[in-house]
Amino acid sequence: MQEQGTPVVNDQPAQEMQPPAIPFAVSEIEASINRRFQVVVGAVPGHIAVDTLEERLTYAELDSLSDRVARAITALPGLKEDTPIALVIDQGHLAMAAVLGILKTGRGVVPLPPDSPPDHLRRLWQDALEPPVLTTRDNLELVSAFLPAERPRLVVDDLPPALGEPGVKLPEPKPEDLAVLSYTSGSTGEPKGVLWSHRLVLHTACQNQAGYHLTPQDRSAVLASFGFGAAMTQCFAALLSGATLVLPAMRRISITALIDSFERDQVSILAMPPFGLFRKIMDTLQDRKAPAHMRLVVLGGDDLFRQDVEQFQRSFGPQTMLAYRLAGSETMVMRELLIRSGMEFSTEKIPVGYAVPDKEVMLVDENGAEVPAGESGEIVVRSRYLASGYWRQPDLTAAVFKPDPAGAGMMRCHTGDLARLDPAGQMEHLGRKDNMVKVRGFSVQLEAVDAALKRLDLIQDAVTLAETLPGGDRRLIAYLVPAAGRQPAVGELRERLRQSLPEHMLPAAFVWLASLPRTATGKPDRKSLPSPPRTRPQLESPLVVARNATESALAGVWQDLLRLEQVGVQDNFFELGGDSLLSVQMILEAERILKIRIPTAYFQRPTIAHLVEIGARREAEQGSPPTEPRPRRKAKSSRNPFQRSTRLRSLLRKARSGRMTPRRAWHGIRRVLSDSALAVFDGFYRRVVFRMTYTRGRHWLSRWARSPLVSRLLYREPYKLFCRLVADLEDCTVDPGRAFNASVEGNILNLSGGRALSEDESVELIDRLRASPHLFWSSLARLIDESPVDELDRHFSVTGLEHLQAAHRSGRGVIIVTYHNTSNRLAIAALPRRLDGQHIPTISQKIARQRSPNWQKNRSKKLPPADKAALYAVIALQGEHLLEEGRIIQFVSDNEYSRLEGYPVILAGRCYNLRPGFAELAVNTGAKVIPQYTGIRSGGQIHTTFLPPLDPGEGNREAQVRNLVDQYARFINDAWRIAPESLRWPRIKKHFRQPPA
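(A) Expanded view of the overall build of the chain. When its secondary structure is counted, the chain shows 34 helices and 33 strands. Counting over 997 residues, the chain shows a buried share of 54%. Long-range pairs, those at least 24 residues apart, make up 69% of the contacts in the chain with a sequence separation of at least 6. Total accessible area on the chain is roughly 43,700 Å²; 51% of this is exposed by carbon and sulfur atoms.

See below:
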């Protein structure tokens, strides 16, 4: 054993300082760790194996000490064959001697982290079948706290030297024998013991040597304890390559002294430091010179962000490369990204890189089918080199580790982690599958919320939980450590988060902590987080308590819904943690207390004081005349002949000058001519047809739409797109040529109607038709108002009306759901004649914005996230009010098919996310959901089909919402297949922008 002082490598001859790489043959993987270690000892016996910065052992000395440990273990009385040996030792030279000594006996190592509480250690020790324990004098008191006095234990630093003499022949382990029983952290459940064979450890070490070019001249520093499984694999990687393993005593060394040692002791590799410690190292290095000899940092176990990479490049300099990897106790390394100097990233979160040798990664859905690029799926690793299973858990082993159909010793490990591949083939890790929760019907990955919080400069650290409420719903609770000790106001925090998170991913409450509880591996320990307090959060507005009985009653409602002990009358409902779903419950309770109907404009200032003001104003304004409707805006034409003429001249000039190829110029000229022809036709149509009656105009339009000149020449691009859709629709038997004629008629009618009628959607369509200056539309209003039903059938026929009538008779209200039909608006305008004559209102984002003065001012702009949250509340409240009266409504805000929010479904072979707004409304109110689609028949007749109501089924609220969304998706697939001509062309264009299933 060497004495403390200057590193021994500086005293060695040149040939010892820089020995060549020790060959690591693939055949050695099919042997044992013991045999490979003897190869290394024979190659570099005098080279430093372990350096703790206080004690140093050469490879020969480490071999000798590990022999003593092995003899001491075999001398224990009553030791059963194949019994594993537990290890409670701080990382250092004694720890490595103990590990190698245990392996030399043919038994497995059970590392128990010495920084864990005694109760946790006792639970692990008992699960491991109460094995003998190896420890040191420093940890003897800790071991005595959980190990009964009669149980065997060995103190490694008290072993007598005589044990080094050979006694009995030690067994030679087989490749499949247990080498390490590694317990996971248990952050998501009870700790599990993962079985590492000699083959798996050797393959990982061989992979590290090849990938990182490890040689005996490398000095690899491992800062994490054995409780972190990757720390042990990095120790093996160094020792089985002949490198020097640097194991600083982390409990007794400061960050500054640690960084000094990097430079003084010429550390070349920093292997798997805990993320928190690594960030502190980078912060300290910003004011110091980068370690000149550090060539590689190996990092994993947590999300890495662009700001981390930028800080790394500033702190370590261009000579140091960062290996960022995704690994698991069951699989070892799965993916890796080597980040070199000068590399830049466009995304905030860094992907976990590309495939590694001998590990094939697949992403699968819940049915085991591989998902397409861009879609999230569970990571399944296919390899010969995986963990052997779980200790004493055969059912769990069978569920996670499955034989590969190809055989040849290949296995598949279902990791329980979610990820997706980007177009470049890099993988983005999305977190644990069991950390995917449902919030108001939306799937939320908790790690995604954590990542958004950590990106804020206001936050130093963050972790999110889903709290289950008494009714079965869930809300998100964020636990935060503020940056620089500054605790921001909740309003400021929410506003910043809304720039990157949709409403359903915003935490309802924020809990501030000095630091997050962590597991032995350094990951946030969600199980140890405190219960969220019910105190009022810190807001920018001061607390104004209730001043009368009405305000007190309303405050009580808010406190119950928001789970707070106190709220102020000037507090914003959404800043207190409310969402659009809770806001509907709050308004219904407020209406019961105030005995009035709350207008949707209330959400411009959602406070208790505003509720009371509205109540007082309604009492004073009873009997006042209604306000005059806003004047109809004149529709603006988007087609400018002068602009088209300019575009044509520009294309011709570019073609003549050679700046554009003839082919490209021809395509551009054809588009201009097509646009011009369409503009001429549109102008002609509106001048001529709109002067006709509806009956005559539709007859003329039907003949015109069926002309080959129109359907194949003027609308050539829509025709190609329509034929592509029909070809993609499974089991669609319609003739695309004939169906496109009806498609042309419906789309022309829809487009022209939008230009000719008022853009104010908040005015009932039938009133807009009556007030239209065009004979075409005003005569349609008279036809709807005055024609007998049999005459109405000639223009607006209906199938399945009995389904709608039966649902309406139930008295609980009806929600009609459809999609972007070309003639749907006209069908809905005519429908009341067949029922009780009552107008069928449409609930949509567009109408909700138009009815709000503040949102109407900026209707051409995207709503800020805070206003969007209130907008969803407005839509839900409108629906609640109308359904409470037993009305029939049409709900269309879901039909945007968001790419970011909602339930994943497949529509016509493309991947969508459907917002569950209509389903939530139906489950909340008990209303019936009736699917409906509309098409145009030969001769111009608009035909509407109603289907039987969707069935929410049994189960909790979340299950019912999911059932309705799934049935709605099936309805859309069937409707598109039966009547593709009913789709608007912009909808078809957007459809092909969605990723294929």
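(B) Focus on the nonpolar core. Within the largest apolar cluster, 114 residues are counted, with the highest numbers of intra-cluster contacts made by Leu62, Leu134, Phe262 and Ile281. When residues in this core are grouped by element, the largest group, 9 residues, is from helix H4 (residues 93–104). Sequence-distant contacts of Ile281, defined by excluding residues within four places in its chain, comprise Leu223, Ile255, Leu258, Ile259, Phe262, Leu270 and Phe316. Grouped together as the second largest cluster of nonpolar side chains are 71 residues, Leu725, Leu769, Val965 and Ile988 included.

(C) The side chain of Gln91, seen in detail. The topology assignment puts Gln91 in the loop between strand E3 (85–88) and H4. Residue class for Gln91 comes out buried when judged on its relative accessible area of 16%. Sequence-distant contacts of Gln91, defined by excluding residues within four places in its chain, comprise Val222, Ala224, Ser225, Phe226, Ala231, Cys235 and Leu247.

(D) Expanded view of unusual backbone geometry. The phi angle at His213 is positive, at roughly 55 degrees, despite the residue not being glycine. Inspection of the secondary structure puts His213 in the loop between helix H7 (198–212) and strand E9 (219–222). Phi angles above zero are rare outside glycine, and Met332 is one such case at about 60 degrees. Within the secondary structure layout, Met332 lies in strand E14 (residues 332–339). Residue Met332 is classed as buried on the basis of its relative accessible area, which comes to 5%.

(E) Structural context of the sheet that holds strand E15 (residues 354–355). Strand order in the open sheet formed by 9 strands is E2-E1-E10-E9-E11-E12-E13-E14-E15, with mixed pairing between adjacent strands. Pairing within the sheet leaves two strands with one partner each, and these edge strands are strand E2 (56–58) and E15. Sheet topology places strand E12 (residues 296–300) next to strand E13 (residues 321–328); 5 bridges connect them, and they run parallel. The residue of E13 that forms the bridge with Val297 is Leu322.

(F) Expanded view of the packing of helix H2 (residues 33–43) against H7. In the contact formed by H2 and H7, the axes pass within 9 Å of each other and the chain directions differ by 35 degrees. Contact residues: Ile33, Asn34 and Arg36 in H2; His198, Val201, Leu202 and Gln209 in H7. Its residues placed into classes, the contact of H2 with H7 shows 3 nonpolar, 3 polar and 1 charged.

(G) Broad picture of the environment of Asp571. Along the chain, the position of Asp571 falls in the loop between helix H15 (549–562) and helix H16 (580–594). Separated by 28 residues in sequence, Asp571 and Leu543 place their C-alpha atoms 7.5 Å apart. Aside from chain neighbours lying at most four places away, what touches Asp571 is Arg536, Leu539, Ser541, Pro542, Trp558, Leu576, Pro606 and Thr607. Only 2.8 Å separates the side chain of Asp571 from the side chain of Arg536, close enough to count as a polar contact. Looking at Asp571, its side chain comes within polar contact range of the main-chain nitrogen of Gly568, at 2.6 Å.

(H) Main features of the sheet that holds strand E26 (residues 796–799). Here 6 strands make up an open sheet; going across it, the order is E26-E33-E32-E27-E29-E28 and the pairing mixed. Of all the strands in the sheet, the pair left with one neighbour each is E26 and strand E28 (842–843). Summarising the sheet, strand E32 (residues 928–936) and strand E33 (residues 942–946) pair through 5 bridges and their orientation is antiparallel. Looking across to E33, one finds that Gln932 is bridged to Phe946.

(I) Seen up close, the pairing of strand E1 (residues 48–51). Where E1 and E2 come together, 3 bridges link them in antiparallel fashion. Within E2, the position partnered with Asp51 by the bridge is Arg56.

(J) Expanded view of H2. All of the buried residues in H2 are Ile33, Asn34, Arg36, Phe37, Val40 and Val41. Summarising the axial view, the buried residues of H2 lie within an arc of 165 degrees, below the 170-degree limit, and thus occupy one face. Packing partners of the buried residues in H2 comprise helix H3 (59–74), H4, strand E7 (178–183), H7 and helix H8 (229–239).

(K) Quick peek at the pattern of salt bridges. Summed over the entire model, instances satisfying the criterion amount to 42 salt bridges. The residue Arg547 makes a salt bridge to Glu551 at a minimum N-O spacing of 2.7 Å. Taking relative accessible area as the criterion, Glu551 reaches 3% and is therefore assigned buried. For Asp974, the salt bridge is made with Arg977, and the minimal N-O distance between the two is 3.3 Å. Within this pair, Asp974 and its partner Arg977 are both found in helix H33 (residues 957–978), separated by 3 residues, close to a single helical turn. Accessibility expressed as a relative area gives 37% for Asp974, which makes it partly exposed. Residue Arg977 is classed as partly exposed on the basis of its relative accessible area of 25%. It is possible to trace a salt-bridge network through shared partners that takes in Glu591, Arg597, Glu884, Glu885 and Arg887.

Criteria and cut-off values
Position numbers for residues start from 1 in each chain and track the written sequence from start to end. Predicted model: local features are reported for residues with pLDDT of at least 70 only, side-chain atom pairs are reported and counted for 80 or more only, and whole-chain, interface and lining totals are derived from all residues. Values reported for side chains reflect all heavy atoms of the structure, with hydrogen atoms and water molecules removed beforehand. Helical segments are the DSSP runs of H or I of at least four residues, strand segments are the runs of E of at least two, and each set is numbered from the N terminus. Residue exposure (1.4 Å probe, protein chains only): buried if accessible area is under 20% of the type maximum, exposed if over 50%, otherwise partly exposed. Residues are treated as being in contact if the distance between any of their heavy atoms lies within 4.5 Å. In these tables, accessible area is a Shrake-Rupley quantity obtained with a 1.4 Å probe, and a residue counts as shielded only by the protein chains included in the view. Nonpolar cores were defined as sets of buried Ala, Val, Leu, Ile, Met, Phe, Trp, Tyr and Cys residues, with membership established by side-chain atoms within 4.5 Å. Paired strands, as defined in this entry, are two strands with at least two bridges between them according to DSSP. Axis lines are fitted through C-alpha atoms, for helices just across the contact stretch, and the angle between N-to-C directions can take any value from 0 to 180 degrees. Each residue is assigned to one class: nonpolar for Ala, Val, Leu, Ile, Met, Phe, Trp, Tyr, Cys and Pro, charged for Asp, Glu, Lys and Arg, and polar for all the others, Gly among them. Polar contact criterion, stated in full: a pair of N or O atoms within 3.5 Å, where within protein one must be able to donate a hydrogen and the other to accept it, and residues adjacent in sequence count only if both atoms are side-chain atoms. Each C-beta atom gives one direction from the helix axis, and the arc is the one those directions make. Any Lys or Arg side-chain nitrogen located within 4 Å of an Asp or Glu carboxyl oxygen qualifies as a salt bridge.

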